[in-house]
Structures are given as structure tokens and as C-alpha cells.
Amino acid sequence: MFEDWSSFAVEVVEAVEAVEAVDSINAVAAIDLHVEVDTADGRRIGLERALRAAIRSGRLAPGTPLPSTRGLAAELGFARGTVTSAYDQLVAEGFLIARQGAATRVAELPGSVARDGSGSAPALARPRFDLSPGLPDVSAFPTAAWLRSTRRVLTTAAPVDVHGAGDPQGRLELRTTLAEHLGRTRGVLTTPDRIVITSGFYQSLGLLGSVLAETAGVRAVAMENPGHDTYRDVVRRTGHTIVPLPVDAAGARLERLADPAVGAVVLTPAHQYPTGVPLRPARRHEVCAWARASGGLIVEDDYDGEFRYDRRPIGALQGMAPEHVAYCGSVSKTLGPGLRLAWLALPRHLVEPVVRAKLHADWHTQGLGQLVLADLLARHDYDRHVRAMRLNYRRRRTHLIRRLTTEHPWAGAEFTGVPAGLHVLLTLPPNAPTEPELLSRAAAHGIALRGVRNLWHNAQAPTQGVLIGFAAPPLHTWPAAVEALTAVLGER
């Protein structure tokens with residue numbers, strides 16, 4: 001037995017170093033390969049057949065690296081010369097590619113079966129210019145600040161706190177910094193014990209929908225029309241009927257909330273999606289009064305509330321009725337959607353059922369990212385990044401609007417919404433190409449846009465238009481993206 005923990009740790013480190021030294025010399029564990037060899041006709045022939053079969057079936061796809069001859073020989077208990085001979089034969093037959101100083105790899109064969117069974121390796125198709133709405137410029141991600149925070153977390157936090165199973169409600173460190181940040185920047189009235197960390201707004205909305213259906217008996221949810229079709233589907237899949245709320249220049253119209261069946265409403269009050277109009281003060285008061293009188297819940301999607309360009313961002317609706325609003329935010333528009341970090345600031349009575357639903361959904365959101373974001377917030381690197389991107393996006397939006405208002409060929413086309421967010425809505429007049437025609441034309445030139453027809457609740461969209469995102473292209477490609485878009489819109 002070890003006398004103390006430190007001597008045990010030393011023994012473990014020495015053992016690991018010994019294993020790593022052996023692996024470095026023999027390259028046994030560098031690459032794992034599952035192969036079943038029938039040695040009835042000899043080991044070399046059996047290995048050749050097994051590798052050919054794996055390559056022909058697609059289990060070993062083109063470009064897959066194989067273990068070194070020394071490593072595979074040790075794994076199979078064969079002589080190294082046997083494996084070398086098998087590799088050489090398959091190289092001669094064109095199944096493998098061998099280069100000096102590099103791993104032997106599976107060759108590209110005519111009719112090779114890819115992972116998706118299509119017969120060729122799947123390619124990740126990206127548009128030349130991605131002008132889809134709602135995407136930030138991830139090339140501007142604050143990598144240096146994120147790395148500094150990551151190093152601090154990994155060197156100061158206990159490994160079990162970083163890599164162990166986490167709290168379904170989320171890391172206290174992140175909930176604490178978020179409560180301060182949201183109160184200071186968005187006017188949200190909350191405390192750490194009323195915040196739940198999720199893996200994106202998609203999950204936040206799904207958790208709320210499930211809780212409302214299972215514990216509150218809500219069966220109908222009102223949502224803006226037009227609005228995000230994906231999130232309508234999320235609410236619908238949790239068992240709710242969708243009640244559409246028409247949108248005008250003052251935001252969502254609220255008359256249909258008088259229906260007693262409606263138990264919740266989902267709003268984008270700072271910057272309505274997709275029209276871009278904010279919910280006017282009178283309607284903010286009206287919806288809060290409805291929630292207080294009926295006991296209904298307001299779900300506030302503050303999806304890009306940080307980005308207002310003509311004045312200070314509009315404060316969150318949650319600050320007017322904290323016990324009746326579930327405030328939803330995320331880093332998808334500020335840092336990037338791939339981080340899968342989001343939050344809910346909840347009325348007190350919803351915290352426990354939402355945490356329970358989160359536990360059953362996926363237990364917890366990954367811990368390292370939560371701790372890194374908490375550090376980024378605490379040191380105000382997050383604030384600095386948002387301010388820098390706000391200036392960047394404001395300039396892009398001004399440039400885009402100026403070019404398109406002076407150079408598009410259709411009288412009557414208009415841009416709606418306040419100077420905010422990451423997209424503009426171009427409404428198409430009768431003399432313009434149809435929405436599908438314009439989207440097809442843009443795609444042919446490598447430009448990704450989004451139409452608005454699918455955003456309406458019914459099949460007959462009253463207006464046609466396209467959403468033009470101005471944030472996603474890296475800054476150095478932005479002028480070329482605008483030129484390409486202008487050319488597409490100018491085609492007759």
C-alpha cells in the first residue's frame with residue numbers, strides 16, 4: 001500500500017510515462033484497427049483478404065490511415081515482415097497508398113463506398129457567400145481571450161468540476177456571472193438560483209414546452225406570424241396547438257390572447273423575427289397585464305438583443321414582469337452557435353420543473369464551456385467582444401442598405417425593421433422576381449439567402465421577400481459578397 005497520496009500519484013505518473021515511452025517506440029497504440037484474420041491459408045494471405053474486404057465494403061473509407069507495420073504486427077501477434085508483405089501487396093494492387101514518413105492510407109478506388117453509402121466521399125457544401133440570417137462572423141471569434149480563460153479554468157478548477165458529471169441547472173459560476181451581466185446589459189431581474197443553463201434556445205424552448213404541457217396543463221401557445229418555422233415545430237412537438245399572432249409595425253398584435261385556451265405566448269420583443277420591428281411600449285404593458293391577470297407565461301426570445309445600432313439596445317421585457325416571463329438568451333449570435341451554450345432566467349415556480357426536465361433531456365450542459373464562459377464574462381472580455389462586433393455589424397448593415405437602396409432595379413422594394421440584429425428583410429414588389437426565382441438565382445451564384453414564405457403559419461404567404469444576413473461572411477470577404485448580391489439583384 002502507498003503511505004500517502006503523493007507517493008501514489010508519483011507511481012501513477014511513472015507508470016503512465018513508461019507506457020507512453022513503450023508506445024512511442026513501438027507505435028502499438030497510435031492507431032487502432034479492428035480486423036479479423038482467417039489464417040487457414042496463411043497469415044499474410046488472411047490479412048490481405050481481411051483488409052481488401054474492409055476496403056471494398058467501405059468500412060475502411062478512402063484516406064483512412066492504417067497502423068504502422070510494427071504496431072499492427074504487435075496487435076495481431078504476427079511477425080512484422082508478414083504485415084509489411086501484406087501492405088506491399090495491397091499497395092501494388094492499388095488498395096493502399098504508402099508514402100515515406102507518412103502513415104499508409106486507404107486509396108480512392110473507382111466506386112468506393114463512402115460512409116454515407118453514396119459511392120464517393122461526402123463533401124461539405126458551403127456557399128461562396130453565406131448571407132443567411134442569424135449567423136455571426138465566427139472568424140472573429142475571440143480565440144485569444146477564450147484560450148486565456150480556458151487555461152485559467154484548467155489550471156485552477158478541480159478536474160472533477162471540469163470533466164465530471166454536472167448540475168442539471170448549470171454551473172453556479174456561470175449562473176452567477178450571467179445574473180450580473182444580464183441585469184447590467186439587458187435589464188433582466190434575476191438571481192443565480194433562477195437561471196438554468198441549456199444547450200441552445202432550441203432546447204430551452206423544448207424544455208419550457210414540455211413543462212407547460214405536463215405540469216401547467218397548457219394546450220395552446222401563441223406565436224408571432226410570421227415567425228421562425230423551426231421553433232413553431234418545437235412547440236408543436238411538445239403537444240401544443242399554435243395560435244398565430246399577426247405582426248404589424250408595432251410588433252405582435254395581442255387580441256388573440258383573449259382566448260382562454262392560450263396559456264403562453266412566445267415573443268421576440270426587442271427585434272421581431274423576421275420583420276425586425278420592436279414591440280412597442282403599449283403592447284409590452286398589454287402583454288404583461290395579460291400574463292398577470294391570466295397566469296399565462298411570456299417566453300421572451302432575446303435572440304439578438306445585444307445588437308442595436310441607432311441607440312442603446314431595448315431592455316428585456318422580463319424586467320417588467322419577472323414572475324411571468326421566461327427570458328431566453330444564448331451565445332449563438334454573439335460568439336457562435338457551435339458552442340451550444342444558452343440560458344433561461346425563469347419565474348421562481350418554473351425553476352424546479354425545468355431543472356427536472358433538463359435532467360431527463362440530457363442531464364447537463366458540458367462543464368468546460370460553462371466555466372470558460374463564466375471567466376470570459378467575469379473579466380469583461382465578452383463585453384469587449386460584443387462591443388467590437390456591434391461596431392463591425394453596424395458598418396456592414398449601413399453599407400448593405402446604401403448599396404441595395406441605390407442599385408436594386410425594382411420600384412417599391414423596401415427594407416423593414418429598425419437598425420438592429422444580424423439581418424435585413426427585403427420585401428419584394430410585384431415587378432420583382434418571385435421569391436423562389438430570386439433564391440434560385442442567388443444559389444446559382446453561390447449566395448445563401450433565406451426566403452420568408454415558410455415563416456408564415458399558413459401556406460399562402462401574403463408577402464414575398466428575402467432575409468439578407470450581413471454578419472456571417474468574414475470581414476475580408478464582405479465587399480465581394482455585397483458585389484455578388486448586387487449583381488444577382490440586378491439581373492433581368
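Residues numbered from 1 in each chain as written. Predicted model: local features only at pLDDT ≥ 70, side-chain atom pairs only at ≥ 80, totals over all residues. Heavy atoms only, no water.

Draft legend 1. Examining the overall build of the chain more closely. Looking only at helices and strands, the chain has 15 helices and 16 strands in total. In the chain, which comprises 492 residues, the share counted as buried stands at 49%. Long-range pairs, those at least 24 residues apart, make up 71% of the contacts in the chain with a sequence separation of at least 6. If you sum the accessible surface of the chain, you get close to 23,300 Å²; carbon and sulfur atoms cover 55% of it. (Helix = DSSP H or I, 4+ residues; strand = E, 2+ residues; numbered from the N terminus. Buried < 20%, exposed > 50% of the residue type's maximum accessible area, 1.4 Å probe, protein only. Contact = heavy atoms within 4.5 Å. Areas by Shrake-Rupley, 256 points an atom, 1.4 Å probe, with all protein chains shown as cover.)

Draft legend 2. Structural view of the pairing of strand 11 (residues 342-345). Every second residue of strand 11 is oriented toward a common face, with Ala342 and Leu344 on one face and Trp343 and Ala345 on the other, all of them buried. Sheet topology places strand 4 (residues 195-198) next to strand 11; four bridges connect them, and they run antiparallel. Each residue of the ladder has a partner; that of Val196, found in strand 11, is Leu344. Summarising the sheet, strand 10 (residues 325-330) and strand 11 pair through four bridges and their orientation is antiparallel. Within strand 11, the position partnered with Gly329 by the bridge is Trp343. (Pairing = 2+ DSSP bridges.)

Draft legend 3. Spatial organisation of the confidence of the model for the chain. Overall, the prediction assigns the chain a mean pLDDT of 90, with 90% of residues at 70 or greater. Here residues 19-29 scores under 50 on pLDDT; set against residues more than four positions off or in separate chains, the count is twelve contacts. Confidence drops under a pLDDT of 50 for residues 113-123, and excluding neighbours within four residues, the segment shows 16 contacts in the predicted structure. (pLDDT = per-residue confidence, 0-100.)

Draft legend 4. Representation of the pattern of salt bridges. Tallied over the entire structure, the rule returns 25 salt bridges. A salt bridge links Glu48 to Arg52; its shortest N-O distance comes to 3.3 Å. Here Glu48 pairs with Arg52, and both are found in helix 2 (residues 43-57), just four residues apart, close to one helical turn. In this structure, Glu48 and Arg52 share a single accessibility class: buried. The shortest N-O distance in the salt bridge between Glu483 and Arg403 comes to 2.5 Å. Of this pair, Glu483 sits in helix 15 (residues 478-490) while Arg403 is found in helix 13 (residues 381-407), placing the two residues 80 residues apart along the sequence. You can call Glu483 partly exposed: its relative accessible area is 43%. Classification of Arg403 by relative accessible area gives buried; the value is 15%. Connected through shared salt-bridge partners, Arg44, Glu48, Arg52 and Glu93 make up one network. (Salt bridge = Lys/Arg side-chain N within 4 Å of Asp/Glu carboxyl O.)

Draft legend 5. Summary view of the nonpolar core. Residues Trp343, Leu373 and Ile468 are the most contacted members of the largest nonpolar core, which totals 56 residues. Residues within four places of Ile468 in sequence aside, it is in contact with Leu131, Leu400, Leu404, Leu422, His423, Val424, Leu426, Leu449 and Leu485. The next biggest cluster of nonpolar side chains, apart from the first, holds 27 residues, and it includes Val211, Tyr231, Leu297 and Ala357. (Core = buried A, V, L, I, M, F, W, Y, C linked by side-chain atoms within 4.5 Å.)

Draft legend 6. Local environment of the side chain of Asp304. Checked against the element boundaries, Asp304 lands in the loop between strand 9 (297-301) and strand 10. Among buried Asp, Glu, Lys and Arg side chains, Asp304 stands out as unpaired, with Lys333 the closest opposite charge at 7.2 Å. Apart from the residues lying within four places of it in its own chain, the contact partners of Asp304 are His271, Lys333, Gly421 and Leu422. (Lys, Arg positive; Asp, Glu negative; His and termini not counted.)

Draft legend 7. Focus on the environment of Leu90. Structurally, Leu90 is set in helix 4 (residues 80-92). Taking the C-alpha atoms as reference points, Leu90 and Arg52, 38 residues apart in sequence, are found 7.8 Å from one another. Sequence-distant contacts of Leu90, defined by excluding residues within four places in its chain, comprise Glu48, Leu51, Arg52, Phe95 and Leu96.

Draft legend 8. Region of interest: helix 8 (residues 201-215). Taking 1.5 Å as the rise per residue, helix 8 with 15 residues should run 21 Å; its terminal C-alpha atoms sit 21 Å apart, in good agreement. Among the 15 residues that make up helix 8, eleven are buried, leaving the element largely enclosed by the rest of the structure. Every buried residue of helix 8 is accounted for by Phe201, Gln203, Ser204, Leu205, Gly206, Leu207, Leu208, Gly209, Val211, Leu212 and Ala213. The positive-phi residue at the C-terminal boundary of helix 8 is Gly217, with phi of around 70 degrees. (Expected span 1.5 Å × (residues − 1).)

Draft legend 9. Structural context of the packing of helix 2 against helix 4. At a minimum axis separation of 9 Å, helix 2 and helix 4 run at an interaxial angle of 45 degrees. When the interaxial angle is binned, helix 2 and helix 4 end up oblique. Crossing of helix 2 over helix 4 shows right-handed handedness. Of helix 4, the residues touching helix 2 (which contributes Arg43, Arg44, Leu47, Glu48, Leu51 and Arg52) are Thr82, Val83, Ser85, Ala86, Tyr87, Gln89 and Leu90. Taken together, the residues of the contact of helix 2 with helix 4 sort by class into six nonpolar, three polar and four charged. (Axes fitted to C-alpha atoms, helices over the stretch in contact; angles between N-to-C directions. Parallel < 35°, antiparallel > 145°, perpendicular 65-115°, else oblique. Left-handed = near helix turned anticlockwise from the far one by under 90°. Nonpolar A, V, L, I, M, F, W, Y, C, P; charged D, E, K, R; others polar.)

Draft legend 10. The sheet that holds strand 15 (residues 450-451), seen in detail. An order of 12-13-16-15 is seen for the four strands of this open sheet, with the pairing classed as antiparallel. Two strands lie at the open edges of the sheet, namely strand 12 (414-416) and strand 15, each paired on one side alone. Summarising the sheet, strand 12 and strand 13 (residues 423-427) pair through three bridges and their orientation is antiparallel. In the sheet register, Glu414 faces strand 13, and the bridge partner there is Thr427.

Draft legend 11. How the structure looks around the sheet that holds strand 5 (residues 220-225). The strand order across the open sheet built from eight strands is 4-11-10-9-8-5-6-7, with neighbouring strands paired in mixed fashion. The open sheet terminates on both sides in strands that have one partner only, identified here as strand 4 and strand 7 (251-252). Against the sheet, helix 11 (residues 348-362) touches strand 4, strand 9 and strand 11, its axis set at about 20 degrees to strand 4.

Draft legend 12. Spotlight on the pairing of strand 16 (residues 465-469). Of all five residues making up strand 16, five are buried, and the element is well covered by its neighbours. Taking every second residue as pointing to the same face, both faces of strand 16 are buried, with Gly465, Leu467 and Gly469 on one and Val466 and Ile468 on the other. Pairing between strand 13 and strand 16: five bridges, direction antiparallel. Residue pairing in the sheet places His423 in a bridge with Gly469 of strand 16. Examined bridge by bridge, strand 15 and strand 16 share two bridges and lie antiparallel to one another. Among the inter-strand pairings, Gly451 is bridged to a residue of strand 16, identified as Val466.

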